[in-house]
Amino acid sequence: MARNEYPRPSFVRENWLSLNGQWDFEIGGDKLKPENVEYTKKIEVPFCPESKLSGIEYKDFMTSVWYKREVEITADNLKGAVILHIDACDYETFAYVNGKEAGRHKGGYTPMEFEISDKLTEGKNIITIHAKDDTKSNAVPSGKQSSRLESYGCSYTRTTGIWQSVWLEFCDKTYITTTRIDQDIDNSKFRYQGYLSDSNADKAEIEVSYKGEIQAEQTVDIDKKKKFFAFPEIKIENMKLWDVLKPEIYDIKVKILRDGEVADEVKTYTGFRKIELKDGKFWLNSRPVFLRNILDQGFYPDGIYTAPEKEDLEKDIDIAISFGFNGARLHQKVFEPWYLYYADMKGYLVWDEFPNWGVRIEMKRKKVIEDVAYQWEEVMFRDFNRPSVIGWCPLNECWTKDNFCDNIGQRALFKLTKEIDSVRPCVGSSGGPLFYTDIDDYHDYSKDVDKLKELFHNHPNGILKPNAAAVQNKLRGAGYLTPKQLQGMPIFLSEFGGIGLAASPENEDGSWSYVSESTEETYVDHYCALVKAILESDLMGMCYTQLTDVEQEQNGLVTYDRKDKISEAGKKRIYEANTAKAFVEE
């Protein structure tokens, strides 16, 4: 099996070559040079070696892995730039072409690209990729990957090395490297800007269309000194707005011209929507919208981090929508580009989150914070133009000073987030102590509905931090936001529920759930009672844990292999509970 679809659906060029499929593979050899590695295995890229679909299925620790394959390059390919793309490889990546280093990258969740034309020759060429990944290291962001040999608790099977597509792109030496779309919905216009690989071009053209009908066209000069172009005001008459579960998509074509000839051409898209936080609510397109989110871990039984087929990513969104959810927290993992494409096309609201678990900053503090900040910046640059991304979450549940539960680390990530994007809200630390944030974010897995009612409905002045004094005391006055400082902020219950069906909270085989019900009737009753209490409160949104079971964590609405747990009648009751009007929407 190979994932041979075009890997980057939000930014499409015509001339490309998939390198997914069979590669030579070897474990170990951390200190070896590429020419000295002896390969004894075959692996199916882009699936990680821990996965069944890779053909390896080796689940012990691997701190060093090697990949090699031959690729045929034509003389025509070499007329311009040849870009090697590795869309995600965990954790440190070193790329070689014909034995020469082509580039390196740190970070297991974001794409890297290397211009390799000067290292290629016509005919057969060898591409080698070396990945280093030490999940036990306190400097490696690993999300939900287990630091033990086995999976346990909220930690699951590891992912080492390549886990997203590897491909080549053939284009002119002058090509677009990055773009950004900034929207001004109140005035029905937007700004489109981008940077180029070099300054050897004159003009940029943009064409915006809706359902095949051209809506706007512009041509601008390229700033050759900065290798930059910008369309500062593109007016869209009768602008259709991208809305929750009702997406309106505009297609965009951008051309880079040299002496009147096209040097580069890309196709992309956007959805126009306005995001605000005010009056303690989340507003989309000038009306309050209650966030009915589901926690999505993004794991698959046979592919681990990688969906077996891109359609499986769409299926996960469709399952969530069928239960009455309008979005998801993409939890402790940066999801594949095709997932966000489907979210864009379905009007599905998602939160991007950095996989900060595993990082400790008590040693080499400045270096670790800089590494995480740089990787988080790459996440934001990758996903900035996606209409489905409605918020940023750089940290999750930081409870001690050594894992970003401090003024310095959280401030660095929050300030960086707001510098890049001043529009979308940012949660300083989901469920954890807050030093800098736009939202008062809270996790609660209480089984007692009456307790939750009291908490949600009787908290003073909209404050939902009853343990603030205790946490602040623990941190010895380190700048944690007090209830008074949080007053008036929107409140997001970004984790709750975790209900298991016909399973005890902790079983002999290690499977568990936060709470448990023994029958479908009590399971659905419990779920609906929780949601009713939440919808009647003045929260801005909720996020239920979780979409699917994942290995030993058995609290999904469906099983790990995406099979139903309850009847259609039970699903209908949950759908009706989730889609009932919320207090903040009245």
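Residues numbered from 1 in each chain as written. Predicted model: local features only at pLDDT ≥ 70, side-chain atom pairs only at ≥ 80, totals over all residues. Heavy atoms only, no water.

Chemist: It is not clear to me how the overall build of the chain should be interpreted in this structure. Could you clarify?
Modeler: Broken down by element type, the chain carries 9 helices and 31 strands. In summary, the chain has a C-alpha radius of gyration of 24 Å against a globular reference of 25 Å for 586 residues, a match within 12%. For the chain, the spread of C-alpha atoms along the principal axes amounts to about 70 × 60 × 50 Å. Classification of the 586 residues of the chain by burial places 59% in the buried group. Once local pairs closer than 6 in sequence are excluded, the contacts in the chain between residues at least 24 apart make up 70%. In the form shown here, the chain has an accessible surface area of approximately 23000 Å², with 47% of it arising from carbon and sulfur atoms. Here the chain holds 77 positive side-chain charges and 98 negative ones, and the gap between their average locations is 3 Å. (Helix = DSSP H or I, 4+ residues; strand = E, 2+ residues; numbered from the N terminus. Rg over C-alpha atoms; globule rule 2.2 N^0.38 Å. Buried < 20%, exposed > 50% of the residue type's maximum accessible area, 1.4 Å probe, protein only. Contact = heavy atoms within 4.5 Å. Areas by Shrake-Rupley, 256 points an atom, 1.4 Å probe, with all protein chains shown as cover. Lys, Arg positive; Asp, Glu negative; His and termini not counted. Charge placed at Lys NZ, Arg CZ, Asp CG, Glu CD.)

Chemist: Is there a simple way to think about the nonpolar core in this case?
Modeler: A general feature of soluble globular proteins is that nonpolar side chains tend to end up buried together. Counting residues in each nonpolar core, the largest one holds 86 residues, and the members touching the most others are Ile 294, Tyr 339, Tyr 348, Phe 404 and Tyr 544. Examining the composition of this core, we find that 9 residues originate from one element, helix H8 (residues 520-535), more than from any other. Filtering out sequence-adjacent residues up to four positions away, Phe 404 remains in contact with Val 359, Ile 361, Ile 369, Val 372, Leu 395, Cys 398, Gly 409, Gln 410 and Leu 413. Within the second largest apolar cluster, 29 residues are counted, among which are Phe 25, Val 65, Val 71 and Ile 116. (Core = buried A, V, L, I, M, F, W, Y, C linked by side-chain atoms within 4.5 Å.)

Chemist: Even after reading the chapter, I still don't get the pairing of strand S4 (residues 64-73), so can you show me in this structure?
Modeler: Side chains on a regular strand alternate between the two faces of the sheet. Here strand S2 (residues 21-27) runs beside S4; their pairing, made up of 4 bridges, is antiparallel. Bridge assignment links Asp 24 to a residue of S4, and that residue is Lys 68. Relative to strand S10 (residues 123-132), S4 is paired through 10 bridges, and the arrangement is antiparallel. Note on S10: the bridge partner recorded for Ser 64 is Lys 132. (Pairing = 2+ DSSP bridges.)

Chemist: Whenever I open this one, the packing of helix H1 (residues 310-322) against helix H2 (residues 337-346) confuses me. Can you help?
Modeler: For any two helices packed against each other, the geometry is given by the interaxial angle and the distance between the axes. Where H1 contacts H2, the axes come no closer than 8 Å and their chain directions differ by 45°. One finds that H1 runs oblique with respect to H2. With respect to the hand of their crossing, H1 and H2 are arranged in right-handed fashion. Contact residues: H1 offers Lys 310, Glu 311, Leu 313, Glu 314, Ile 317, Asp 318 and Ile 321, while H2 offers Trp 338, Tyr 339, Tyr 342, Ala 343 and Lys 346. Its residues placed into classes, the contact of H1 with H2 shows 7 nonpolar, no polar and 5 charged. (Axes fitted to C-alpha atoms, helices over the stretch in contact; angles between N-to-C directions. Parallel < 35°, antiparallel > 145°, perpendicular 65-115°, else oblique. Left-handed = near helix turned anticlockwise from the far one by under 90°. Nonpolar A, V, L, I, M, F, W, Y, C, P; charged D, E, K, R; others polar.)

Chemist: Which parts of the structure should I look at to understand the sheet that holds strand S19 (residues 261-270)?
Modeler: Across a sheet, strands are paired by hydrogen bonds formed along the backbone, either parallel or antiparallel in direction. Strands sit in the order S16-S15-S18-S19 across an open sheet of 4 strands; the sheet is antiparallel. Two strands in the sheet have a free side with no partner beyond their single neighbour: strand S16 (213-221) and S19. Pairs of neighbouring strands in the sheet enclose a mean axial angle of 15°, with direction left out of account. Pairing between strand S18 (residues 250-258) and S19: 9 bridges, direction antiparallel. By the bridge assignment, Val 254 is partnered in S19 with Val 266.

Chemist: Is there a simple way to think about the environment of Ile 252 in this case?
Modeler: As for its position among the elements, Ile 252 is in strand S18. Here the alpha-carbon distance between Ile 252 and Thr 270, two residues 18 residues apart in the chain, equals 7.5 Å. Non-local contacts of Ile 252, meaning those with residues more than four positions away in its chain, are made with Ile 181, Phe 190, Tyr 192, Ile 206, Glu 207, Val 208, Val 266, Lys 267, Thr 268, Tyr 269 and Thr 270.

Chemist: Looking at this structure, how should I read the packing of aromatic side chains?
Modeler: Within a pair of aromatic rings, the relevant descriptors are the distance that separates the centres and the angle that separates the planes. Per the counting criterion, the structure on display carries 31 aromatic pairs. With 5.2 Å between their ring centres and 50° between their planes, Phe 190 and Phe 272 make a pair best called tilted. Here Phe 190 is found in strand S14 (residues 189-196), whereas its partner Phe 272 is found in the loop between S19 and strand S20 (275-278), with 82 residues between them in sequence. What makes Phe 190 buried here is its relative accessible area of 1%. Phe 272 gets classed as buried once you look at its relative accessible area, which sits at 0%. With 4.9 Å between their ring centres and 70° between their planes, Phe 335 and Tyr 339 make a pair best called edge-to-face. The pair formed by Phe 335 and Tyr 339 is uniform in burial state, with each residue classed as buried. (Phe/Tyr/Trp six-rings, centres within 6.5 Å; stacked < 30°, edge-to-face > 60°.)

Chemist: Whenever I open this one, the pairing of strand S26 (residues 389-393) confuses me. Can you help?
Modeler: Counting buried residues in S26 gives 5 out of 5 residues, a clear majority hidden from the surface. Pairing of strand S25 (residues 349-353) with S26 involves 4 bridges; the strand directions are parallel. Its bridge partner lying in S26, Trp 351 is registered against Gly 391.

Chemist: Can you help me understand the sheet that holds S20 in this one?
Modeler: Here 3 strands make up an open sheet; going across it, the order is S20-S21-S22 and the pairing antiparallel. Each of the sheet's edge strands pairs with one partner strand only, and the pair in question is S20 and strand S22 (287-288). Bridging between strand S21 (residues 281-284) and S22 involves 2 bridges; their strand directions are antiparallel. By the bridge assignment for S22, Trp 283 is matched with Pro 288.

Chemist: Help me understand the state of the cysteines in this model?
Modeler: One covalent bond between the sulfur atoms of two cysteine residues makes up a disulfide. According to the stated counting rule, one finds 0 disulfides in the structure shown. No disulfide involves Cys 543; its sulfur sits 10 Å from that of Cys 393, the nearest cysteine. Given the relative accessible area of 0%, Cys 543 is considered buried. (Disulfide = S-S within 2.5 Å.)

Chemist: How should I be thinking about the pattern of salt bridges in this particular structure?
Modeler: Think of it this way: side chains of opposite charge can pair up when their charged atoms draw near. Summed over the entire model, instances satisfying the criterion amount to 41 salt bridges. Notably, a salt bridge pairs Arg 180 with Asp 182, separated by 2.8 Å at the nearest N-O pair. The class of Arg 180 is partly exposed, set by a relative accessible area of 24%. Relative accessible area serves as the criterion here: at 25%, Asp 182 is assigned to the partly exposed category. Note that Lys 565 is salt-bridged to Asp 549, the shortest N-O span being 2.8 Å. Of this pair, Lys 565 sits in the loop between strand S31 (541-545) and helix H9 (568-579) while Asp 549 sits in the loop between S31 and H9, and the two are 16 residues apart along the sequence. Connected via shared salt-bridge partners are Arg 8, Arg 13, Glu 169 and Asp 264. (Salt bridge = Lys/Arg side-chain N within 4 Å of Asp/Glu carboxyl O.)

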